[in-house]
Amino acid sequence: MRVKICGITNLNDAIDAVDAGANALGFVFYKPSPRYVEPSEVLKIVDKIPPFVQTVGLFVNESVEFINKVCESSKMQLAQIIDDDNLLDYSKLKVKYIKVIRVKSNIDLENLKNDYYLVDTFVDGFGGKGQRLCLDFFKNLDCSKFILAGGLNSENLRELDNYGFFGVDVSSAVEKEKGKKDKQKMINFVKVAYEIS
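The model shown is predicted, which means the values in this text are computed figures rather than measured ones.

Chemist: I'd like to hear about the overall build of the chain, residue by residue, with values.
Modeler: If you tally the helices and strands in the chain, you get four helices and ten strands. If you list the helices and strands of the chain from N to C, you get β-α-β-α-β-α-β-β-β-β-β-β-β-α. The C-alpha atoms of the chain give a radius of gyration of 16 Å, which matches the 16 Å a tight globule of 197 residues would have. Counting over 197 residues, the chain shows a buried share of 50%. Of note, the chain has its 27 positive side-chain charges centred 3 Å away from the centre of its 28 negative side-chain charges.

Chemist: Explain the side chain of Asn68 to me, and be specific about the residues and the numbers.
Modeler: Its place among the elements puts Asn68 in helix H3 (residues 64–74). Taking relative accessible area as the criterion, Asn68 reaches 12% and is therefore assigned buried. Beyond its immediate stretch of four places on either side in the chain, Asn68 contacts Lys92, Leu93, Lys94 and Val95.

Chemist: I'd like a description of helix H4 (residues 183–195), backed by residues and values.
Modeler: Helix length check: H4, at 13 residues, gives a terminal C-alpha distance of 19 Å against a target of 18 Å (1.5 Å per residue), a fit within 8%. If you check which residues of H4 are buried, you get Met186, Phe189, Val190, Val192 and Ala193. In an axial view of H4, the angular spread of the buried residues amounts to 165°, which keeps them on one side of the axis. Here the buried face of H4 lies against strand S1 (2–5), helix H1 (11–20), strand S8 (167–170) and strand S10 (180–181).

Chemist: Explain the packing of aromatic side chains to me, and be specific about the residues and the numbers.
Modeler: Any pair of aromatic rings gets described here by the distance separating the centres and the angle formed by the planes. In the structure shown here, the tally under the stated rule is seven aromatic pairs. On the basis of an interplanar angle of 80° and a centroid distance of 5.0 Å, the ring pair of Phe138 and Phe165 is categorised as edge-to-face. Here Phe165 lies in the loop between strand S7 (146–149) and S8 and Phe138 lies in the loop between strand S6 (117–121) and S7, a separation of 27 residues in the sequence. The two residues Phe138 and Phe165 agree in class, both being buried. Grouped by ring-pair contacts, the aromatic residues Phe138, Phe146, Tyr163 and Phe165 constitute a single cluster. One cation-aromatic arrangement involves Lys99 over Tyr90; the distance from NZ or CZ to the ring centre is 4.4 Å.

Definitions and cut-offs
- Residues numbered from 1 in each chain as written.
- Predicted model: local features only at pLDDT ≥ 70, side-chain atom pairs only at ≥ 80, totals over all residues.
- Heavy atoms only, no water.
- Helix = DSSP H or I, 4+ residues; strand = E, 2+ residues; numbered from the N terminus.
- Rg over C-alpha atoms; globule rule 2.2 N^0.38 Å.
- Buried < 20%, exposed > 50% of the residue type's maximum accessible area, 1.4 Å probe, protein only.
- Lys, Arg positive; Asp, Glu negative; His and termini not counted.
- Charge placed at Lys NZ, Arg CZ, Asp CG, Glu CD.
- Contact = heavy atoms within 4.5 Å.
- Expected span 1.5 Å × (residues − 1).
- Arc of directions from axis to C-beta.
- Phe/Tyr/Trp six-rings, centres within 6.5 Å; stacked < 30°, edge-to-face > 60°.
- Lys NZ or Arg CZ within 6 Å of the ring centre and 35° of its normal.

Here it is as structure tokens:
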């Protein structure tokens, strides 16, 4: 199972996440978030992380132009996009992307295209709320292209065993405070994720 650690705000946390075994690092480009980092600062971090670690930029209801500009200037390899109003023309993006589905009920998971999605709980506001999705929503679904987010931690991660999720995304559960990661929590989380299928 792949692991993305999101809400990276500094180089030390980025290196600790990589050392813990994270496959991807997430950077928040949503200014109201306590985990927001300026693209120029993200670039300084990205330039110092090892190879083979994917860089992911999180965007919330932004324009194509903004996403393209920020991804280029900060060396994001993937854009993680919340587009609640379905206004984005994805064909104009110059970067690979993954759509975020903010789930209210199991109906939101039906009739999706055969593509990868990051699946999170619908909450007022965006990110780091720590609310979990009902796993019953995923029964009898092919989860091999879903990356699950929301309320996951090293204690409850084993409940995902045998669902076959492609990956998991964690932010607040591996923090000591908003925007600052806890090295041991990241180690614990990644270790459990690698033990389940």
